[in-house]
Amino acid sequence: MQIYGADYYPEHWEEKDWKEHVKIMKEVGIEWVRIGEFAWSFVEPAEGKYDFSKLEKVMKFLKDSGIKIIVGTPTAAPPNWLVKKYPHILPVDKYGRQKGPGSRRHYCPANEIYREYSKKIVEKYAEHFSPYADMWQIDNEFGCHDTTLCYCEATRKAFIKWLKSKYNTLEELNYRWGNKFWSQTIGDWDEIFLPINAPAFENPHMVLDFYRFSTDIHIDYMNMQIDIIKKYSDKPITHNLMVDFFDIDYKKLSKNIDLVSFDNYVPTPLYDPFRQSINHDLMRSLKKQPFLVMEQQPGRVNWKSVNENYPEGQVRLWIKQSYLHGSLGVLVFRFDQIHWGAEQFHGALLDYAGRKTSRCDEFSQAKLETNDVIEPKKEVAVYFSYENCWMHRINHINRNFDYWSAILEIYRAVRKLGYNVDFVFEDDEIQSYQLLIVPYAMYLPETFIEKIKAFNKPVIMTCMSSIKDEHNWLRKEFPHGLQDILGLEIIDFGGLDNVNVNFLGLNLKGTVWCDKIVLKGAEVMGVFKNGPFADWPCVTKSGNRYYVATVMSEEFFLVLLERLIPAKFVASDVDSVQMSDKLLLLNLKGLKNTVWSSSKKFVMEPFETREV
Amino acid sequence: MQIYGADYYPEHWEEKDWKEHVKIMKEVGIEWVRIGEFAWSFVEPAEGKYDFSKLEKVMKFLKDSGIKIIVGTPTAAPPNWLVKKYPHILPVDKYGRQKGPGSRRHYCPANEIYREYSKKIVEKYAEHFSPYADMWQIDNEFGCHDTTLCYCEATRKAFIKWLKSKYNTLEELNYRWGNKFWSQTIGDWDEIFLPINAPAFENPHMVLDFYRFSTDIHIDYMNMQIDIIKKYSDKPITHNLMVDFFDIDYKKLSKNIDLVSFDNYVPTPLYDPFRQSINHDLMRSLKKQPFLVMEQQPGRVNWKSVNENYPEGQVRLWIKQSYLHGSLGVLVFRFDQIHWGAEQFHGALLDYAGRKTSRCDEFSQAKLETNDVIEPKKEVAVYFSYENCWMHRINHINRNFDYWSAILEIYRAVRKLGYNVDFVFEDDEIQSYQLLIVPYAMYLPETFIEKIKAFNKPVIMTCMSSIKDEHNWLRKEFPHGLQDILGLEIIDFGGLDNVNVNFLGLNLKGTVWCDKIVLKGAEVMGVFKNGPFADWPCVTKSGNRYYVATVMSEEFFLVLLERLIPAKFVASDVDSVQMSDKLLLLNLKGLKNTVWSSSKKFVMEPFETREV
Amino acid sequence: MQIYGADYYPEHWEEKDWKEHVKIMKEVGIEWVRIGEFAWSFVEPAEGKYDFSKLEKVMKFLKDSGIKIIVGTPTAAPPNWLVKKYPHILPVDKYGRQKGPGSRRHYCPANEIYREYSKKIVEKYAEHFSPYADMWQIDNEFGCHDTTLCYCEATRKAFIKWLKSKYNTLEELNYRWGNKFWSQTIGDWDEIFLPINAPAFENPHMVLDFYRFSTDIHIDYMNMQIDIIKKYSDKPITHNLMVDFFDIDYKKLSKNIDLVSFDNYVPTPLYDPFRQSINHDLMRSLKKQPFLVMEQQPGRVNWKSVNENYPEGQVRLWIKQSYLHGSLGVLVFRFDQIHWGAEQFHGALLDYAGRKTSRCDEFSQAKLETNDVIEPKKEVAVYFSYENCWMHRINHINRNFDYWSAILEIYRAVRKLGYNVDFVFEDDEIQSYQLLIVPYAMYLPETFIEKIKAFNKPVIMTCMSSIKDEHNWLRKEFPHGLQDILGLEIIDFGGLDNVNVNFLGLNLKGTVWCDKIVLKGAEVMGVFKNGPFADWPCVTKSGNRYYVATVMSEEFFLVLLERLIPAKFVASDVDSVQMSDKLLLLNLKGLKNTVWSSSKKFVMEPFETREV
């Protein structure tokens with residue numbers, strides 16, 4: 001089943017507009033709409049005064065017109081009457097300042113009163129909308145606008161409860177948090193404070209736990225809603241995730257939902273196809289299942305510094321790219337263009353006059369060009385973990401390092417050679433892949449270390465690997481658990497800006513980091529060339545296990561990678577997917593594009609997909 | 001009547017110093033002084049303990065010496081005893097933090113207690129100083145130091161009252177604010193919050209109203225003082241405005257005062273003559289009357305990153321430049337140089353030893369060189385509105401756009417050709433002008449749209465024109481109300497960094513913005529050249545109405561402008577004013593300067609003014 | 001007596017580890033350890049529940065092993081139980097926000113409750129550890145992490161008390177603070193506020209007093225601890241100062257301790273030898289006595305953006321450099337490497353596996369190469385004052401000026417010629433020096449002005465000299481008290497970015513500042529060349545008193561300096577000390593280095609010291 005549609009806000013319109021909207025939807029080929037996720041004050045303008053009739057009416061009309069409905073619960077934007085009555089549902093920032101209403105996400109998921117009100121409204125939604133719902137979305141973009149971490153008193157109390165459950169005793173907590181350092185021993189659970197406006201460096205173990213707790217409290221809050229909806233509906237339930245977002249452990253969250261959906265916006269100033277692809281692949285990898293693009297950027301947005309228009313064809317391209325990476329389809333955000341509100345400059349399928357734009361045609365065309373749901377073949381596995389994101393943020397050797405950006409460099413290299421990337425997590429099986437890459441994984445669980453050891457195809461590991469344990473402690477020897485198979489020990493490390501590396505006769509640039517390797521069986525393929533580190537090993541090989549002692553650019557990584565997997569085709573601006581029986585290419589350019597594959601050369605039309 | 005003088009602080013000196021000061025004033029030619037605007041704690045060191053005798057004495061002495069007096073009310077700096085007694089008179093910032101005393105402007109104009117105390121001290125000022133006052137200044141630089149918007153509870157209550165008066169019903173407010181968006185419907189007036197530390201984008205309609213309210217509350221606070229003074233005095237009343245300042249609607253404010261005065265400081269790192277001129281012309285345009293420079297920068301100031309000295313002649317030049325743009329004269333800030341206080345490094349006419357500096361001579365000389373008050377002829381009208389400033393700030397397509405800077409580029413072009421600029425506002429008549437420019441005016445009132453339509457001389461309009469209504473809603477079609485006369489419709493728009501434009505065979509650079517024009521009768525004079533937008537129309541002409549679909553530099557605009565108004569002279573570093581009977585030129589350079597005019601060539605002396 | 005050792009944290013380890021640690025200490029040559037300065041919650045995990053047995057045991061073991069002990073009092077990190085019970089011991093920041101626990105230095109030294117608890121724990125420390133202590137350190141790095149200034153209510157009250165004691169009457173305070181400016185007259189002591197979140201520029205006189213008070217309150221807090229310890233121990237007492245730190249007046253503080261110690265970290269991205277030397281020389285100059293490096297950076301640290309490793313030999317070099325500048329020796333921070341806590345990435349003598357690193361060998365080697373304590377000969381005196389640091393910060397002509405960086409330029413020039421630098425303070429004798437440099441000293445006490453006048457060897461003075469009095473008032477004439485001996489008057493001044501200076505035929509660059517000099521007997525050696533200031537005098541000479549009217553780079557200053565003191569040797573990357581009988585050189589390079597001295601040329605080995 002494919003899902004093609006748009007996000008729609010009937011509450012922004014008069015009843016008379018709905019008819020015209022649905023008429024256009026049918027013309028364009030919209031089969032699904034998402035509705036309701038910011039409509040709390042529309043259905044409950046004052047406490048207890050409900051009016052669901054309008055939304056029910058529009059839903060009935062949509063269903064009668066053959067359009068399926070995803071209902072979003074409205075808890076991402078608590079109404080003003082609730083904020084007025086209970087100001088403490090508002091979150092508190094890192095400096096101890098209460099955040100205010102007037103936009104969205106102004107609530108703390110740990111607040112018991114907000115939970116009670118959330119339950120009530122979700123129950124009402126479920127009661128009224130279950131007859132119409134074909135899918136459910138819980139809340140909207142948890143953590144958006146830097147709201148994952150809250151520093152209010154309700155959070156502190158919930159965090160303490162979470163810690164009690166995790167550590168049982170203060171002795172254990174004091175030990176794991178290293179509380180002897182800087183006199184931080186806790187003598188009573190209530191002596192645990194959130195790190196608000198601390199003069200110096202925070203406890204890295206407590207901050208890691210605070211990230212974990214913040215993921216769990218959001219999941220807990222989500223599950224509370226899921227439980228209610230399941231009483232009324234057996235339709236699939238999802239939450240819409242975000243691009244380039246790592247404050248919440250999406251792997252953990254996604255175990256609690258029926259399918260992954262995400263909002264596909266361009267997070268960079270310019271559209272960068274591989275930046276978009278990597279997010280698609282991450283989303284598919286979370287459940288190793290097809291995913292839905294719940295919100296597809298329609299062209300111009302409103303929240304950037306410079307909100308550009310995009311050339312014609314771009315929406316068509318974005319939809320086709322999602323398809324290539326295994327999506328069920330896309331809902332364009334948004335169908336209707338409004339004249340007011342904080343997103344008044346956001347683009348849509350309609351224009352400000354309510355007319356169809358050329359983006360409607362692109363949507364229709366892309367829909368025709370994408371049949372069924374693609375299942376990419378398992379080829380290259382890249383280890384990823386949200387906890388590593390947090391560890392890299394919390395304590396650092398080099399603040400210029402960004403885990404995700406460094407992984408993106410590696411991803412680009414693999415993709416340019418034409419191979420699919422699956423992100424693999426701790427619990428995933430990895431034996432089906434032909435290559436395993438474990439980049440910059442500070443912490444590796446023992447179970448995954450065993451999987452690496454058991455993997456008998458090529459493995460590439462890097463600096464920073466396995467230097468920490470799950471409590472954010474440094475290991476005693478590095479890389480913990482992997483010295484034998486890599487044939488080396490790391491006896492010291494440090495940051496740097498740039499370093500030259502002599503690798504297979506090429507002069508390459510490393511960045512960020514430099515290990516001091518003691519060889520224990522590995523052979524040296526590349527060495528550092530700079531001053532104090534000159535001639536230290538940088539790239540090593542032990543059987544088919546490779547180790548690189550610095551942070552690599554795409555160019556650097558390609559030199560190693562091409563020895564292990566041959567390029568399937570040569571082209572620029574081409575995205576691809578390897579299916580079981582064929583390779584599918586997508587020309588990312590709005591121009592003709594020449595591709596060489598298996599000694600054939602052919603020309604692709606703008607945004608064309610072609611099987612090879 | 002001309003006004004030449006200085007700002008003077010007798011309370012900073014002993015009685016014995018006054019005699020010496022007045023002696024120097026007479027020598028230098030100072031005929032006016034401003035006094036008293038920071039002297040609250042000097043005349044009322046503890047609550048209710050007044051001592052006006054010293055200031056009365058110095059005022060009598062000044063009057064007896066033939067020097068006129070502008071009395072400033074002292075409310076810009078509440079005394080510590082008042083802050084101690086009523087801490088809630090202090091303003092609150094956007095993060096909800098109370099601002100503190102210890103500098104100035106530490107009060108909220110909506111606070112009722114502060115208003116009561118303001119009334120008392122102003123009444124006392126009026127009682128005691130009316131016999132001496134020849135003019136009054138209310139408070140000092142409203143809004144300076146980013147104090148226009150206050151987020152305290154008194155402000156919230158006053159804002160709600162203002163909203164009730166504006167909208168009457170919550171239905172109307174909810175509608176105009178688009179409160180269905182993000183569940184912001186208000187069910188009770190007291191549910192209206194100020195936008196403090198909101199996680200995401202604020203409601204653009206409420207923020208616009210908050211700007212409007214903040215202007216009104218300042219005017220209301222000012223008028224409260226004016227009403228008191230008028231009971232005692234029939235002398236003119238003013239308030240000193242600021243350069244490059246747009247937080248308060250000066251057009252609206254200036255309707256409430258008898259004359260406009262402003263403080264002429266160099267807001268840029270280096271002195272930029274046209275940046276200074278444009279502020280003069282704006283000040284003159286507010287009431288279409290001569291204005292006063294209430295504070296003239298004397299040379300070095302103390303509040304910049306680098307506080308430079310200026311070469312000799314600069315003060316003379318600045319005074320002559322004010323004269324050229326229609327000022328009544330200047331008061332130099334300040335007469336006396338003090339050794340202490342937050343402005344101890346600020347320059348003055350005297351030096352730290354109390355001696356006359358060369359700046360005194362420059363003042364005397366400039367005074368001799370400027371006779372009567374100049375009335376510039378009406379030539380080019382440029383539409384301007386403070387509400388557009390705010391709309392451009394609140395919601396954006398391109399955050400790099402600055403309304404005033406973009407207008408300055410246009411202004412420079414007009415001035416280089418030798419034409420006067422008047423800024424015209426909604427209510428102004430425009431038929432006397434020979435050219436009308438309406439730059440980047442997101443919102444145009446219907447009344448002004450009618451004026452544009454009725455104007456039968458050349459009109460130049462630009463991108464962004466008439467895309468919003470007065471509630472900050474986007475219009476349904478663009479440019480609203482002006483499609484017919486411009487012969488086009490804008491069906492889409494977006495931001496960009498830079499774009500090449502082919503205009504009359506020249507390769508020019510547009511920035512910030514790009515419209516998608518559908519021609520409806522206009523002819524194309526220039527086209528975009530860049531990739532996706534290639535060959536889209538950029539400059540169009542429909543009769544004598546011109547439209548430019550991007551943001552223009554001075555160079556770009558000159559290409560269009562020179563087709564409409566011929567250059568009166570050719571020179572660099574020359575300021576000018578067209579009077580009814582002659583063109584007056586001012587050489588801005590401290591060197592000889594060659595000017596070509598009407599096929600004559602002549603050389604101007606440093607800082608010379610010359611009639612042509 | 002020399003002091004060589006390391007900072008040690010036995011509380012981070014199990015008892016069984018201590019034995020191994022001490023064994024390694026003995027091997028390496030560690031004779032001193034510092035212990036205990038963050039161990040409060042270790043010895044008092046809940047209020048009143050003390051357990052000193054573990055630390056006593058380890059101290060006994062260390063002493064029995066022949067290792068001397070420096071005991072640090074633990075007040076820099078109050079335990080959580082105390083914060084929980086009395087949240088108001090927490091400091092408050094400049095925006096009025098309470099700072100939080102979770103790191104260190106989260107206390108206000110003015111808080112009476114914190115003082116009571118500090119007394120109790122220090123008394124306990126003194127009781128238990130006096131038998132083992134060979135030296136005491138009070139607290140740890142006062143003012144670190146920007147904690148010198150606190151804005152809490154306890155501070156406000158203590159500040160008022162301090163002001164009463166200083167000024168006696170409000171009349172005097174109002175006068176000295178220039179409170180007539182901006183209506184700041186104080187009518188009651190309790191009307192004095194701390195400058196929290198003020199909208200505009202603060203009162204520069206009050207801010208100067210607030211700095212002074214903040215130094216005094218720290219000294220007072222320190223002395224409270226010293227008095228307790230002296231009841232139990234007659235061993236020397238110190239406090240560990242910091243590099244490049246000027247928030248606290250270290251000159252004043254150091255009068256209260258028996259010896260100066262400081263923490264020698266590289267404050268710049270790259271190790272800059274003269275930046276390190278100048279800090280050593282400042283530390284030696286505070287008491288004109290040998291000083292101790294209480295914490296020597298061991299290589300990589302954890303608190304920079306990029307935490308680099310250092311090449312081998314660097315620790316050896318740093319220790320030798322300290323020796324050259326008169327240190328008693330160094331304690332390396334830290335001996336033991338831990339796996340947890342906020343400093344888990346900080347380097348140490350041991351590695352994460354508990355093994356000796358090559359840094360241990362460097363330590364041992366450096367110790368062998370440094371015998372006795374060096375007493376540098378008095379050669380060049382540079383005037384310095386912490387109050388000038390503050391005055392330069394508080395009010396400015398040019399915000400780009402940094403007092404210490406400007407002094408460093410001068411220092412570099414002197415050191416390159418091979419001369420020792422002593423910083424001299426107000427009370428120091430200066431007649432023993434052969435050259436006196438008084439750079440950028442806004443404020444010069446009358447007593448020091450007299451010393452300058454009486455100094456009959458060459459004197460170099462600069463712009464900004466003696467323009468302020470001790471209350472931060474500007475003088476009436478400049479440079480106050482020194483016009484006669486310099487043969488000039490400064491009648492005006494201003495900021496600038498860069499200016500060309502023609503000095504002895506060379507084209508040099510001045511920065512930051514430009515004086516307008518009126519000659520009164522001095523002869524002109526150099527003139528400004530730029531536009532408005534062209535031909536103004538820049539470098540003057542009156543007898544052997546020199547004046548430079550702008551801020552100089554090292555290159556600029558060298559041109560003047562070389563006329564007064566001849567170079568002792570020519571080399572790059574060489575540090576030196578002139579002793580009474582010999583010149584000692586240290587090759588800063590890890591490579592061979594050629595030096596010319598007295599027409600001899602010789603080659604120094606990496607990190608070699610050599611007598612000349």
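Since we're looking at a predicted model, the values are computed, not measured. (Residues numbered from 1 in each chain as written. Chains lettered and ligands numbered in written order. Predicted model: local features only at pLDDT ≥ 70, side-chain atom pairs only at ≥ 80, totals over all residues. Heavy atoms only, no water.)

Another point: the sheet that holds strand β24 (residues 600-604) of chain B. Residue and element names in this part refer to chain B. Judged by pairing direction, the sheet is antiparallel, and its 3 strands sit side by side in the order β20-β23-β24 without closing on themselves. A strand with exactly one partner marks an edge of an open sheet, and here the two such strands are β20 (569-570) and β24. As paired elements, β20 and strand β23 (residues 593-597) share 2 bridges and run antiparallel to each other. Paired with F569 across the strands is S597, a residue of β23. (Pairing = 2+ DSSP bridges. Helix = DSSP H or I, 4+ residues; strand = E, 2+ residues; numbered from the N terminus.)

All told, the structure shown has 162 salt bridges over all chains when counted by the stated rule. Across the pair E450 of chain B and K453 of chain B runs a salt bridge whose closest N-O atoms are separated by 3.7 Å. Remark: K453 of chain B and E450 of chain B occur in helix α15 (residues 446-454); sequence separation between them is 3 residues, near one turn of the helix. On the basis of relative accessible area, E450 of chain B is assigned to the partly exposed category, the value being 44%. In this structure, a network of salt bridges that share partners links the residues K84 of chain A together with E153, R156, K157 and D190 of chain B. (Salt bridge = Lys/Arg side-chain N within 4 Å of Asp/Glu carboxyl O. Buried < 20%, exposed > 50% of the residue type's maximum accessible area, 1.4 Å probe, protein only.)

Our next topic: the interface of chain A and chain B. Facing 52 residues of chain A, the contacting portion of chain B comprises 53 residues. Between chain A and chain B, roughly 4600 Å² of surface is buried when both sides are summed, and carbon and sulfur atoms account for 56% of that area. It is K84, W340 and F345 of chain A that lose the most area in chain A upon contact with chain B, and together they represent 15% of the buried surface on that side. Between K516 of chain B and E312 of chain A there is a salt bridge, and its shortest N-O distance comes to 3.4 Å. Applying the counting criterion to the chain A and chain B interface returns 29 residue pairs in polar contact (both at pLDDT 80 or more). Secondary structure elements with two or more residues in the side of chain A that touches chain B: α2 (40-43) and α4 (80-85) of chain A. Per-element tally for the side of chain A that touches chain B: the top contributor is α4 of chain A, with 4 residues. (Contact = heavy atoms within 4.5 Å. Buried area = accessible area lost by both parts, 1.4 Å probe. Polar contact = N/O pair within 3.5 Å; in protein donor to acceptor, adjacent residues only side chain to side chain.)

All names here are of chain C. The geometry of helix α8 (residues 204-232) relative to helix α13 (residues 386-394) is characterised by a closest axis approach of 10 Å and an angle of 140° between their N-to-C directions. By crossing handedness, the relation of α8 to α13 is classed as right-handed. Here P204, V207, L208, Y211, R212 and T215 of α8 lie close against α13, whose contacting residues are E387, W390, M391, R393 and I394. Residues belonging to the contact of α8 with α13 are distributed by class as follows: 7 nonpolar, 1 polar and 3 charged. (Axes fitted to C-alpha atoms, helices over the stretch in contact; angles between N-to-C directions. Left-handed = near helix turned anticlockwise from the far one by under 90°. Nonpolar A, V, L, I, M, F, W, Y, C, P; charged D, E, K, R; others polar.)

Facing the 52 residues of chain B at the interface are 53 residues of chain C. Taking both sides of the interface into account, the surface hidden between chain B and chain C amounts to around 4500 Å²; carbon and sulfur atoms contribute 56%. On the chain B side of the contact with chain C, K84, W340 and F345 of chain B bury the most area, a combined 15% of that side's loss. Our count for the contact surface shared by chain B and chain C stands at 5 salt bridges. Note that R355 of chain B and E489 of chain C form a salt bridge whose closest N and O atoms lie 2.9 Å from each other. At the junction of chain B with chain C, the criterion picks out 29 residue pairs in polar contact (both at pLDDT 80 or more). The dominant element in the side of chain B that touches chain C, judged by the number of residues it contributes, is helix α4 (residues 80-85) of chain B, at 4 residues.

For the rest of this paragraph, the subject is helix α14 (residues 403-416) of chain B. All names here are of chain B. Look at α14: 20 Å from first C-alpha to last across 14 residues, which is about the 20 Å you get at 1.5 Å a residue. The buried fraction of α14 amounts to 11 of the 14 residues, a majority that puts the element mostly inside the structure. Considered for burial, the residues of α14 that qualify are Y403, W404, A406, I407, L408, I410, Y411, R412, A413, V414 and R415. Looking one or two residues past α14, G418 carries a phi angle of roughly 95°, positive in sign. (Expected span 1.5 Å × (residues − 1).)

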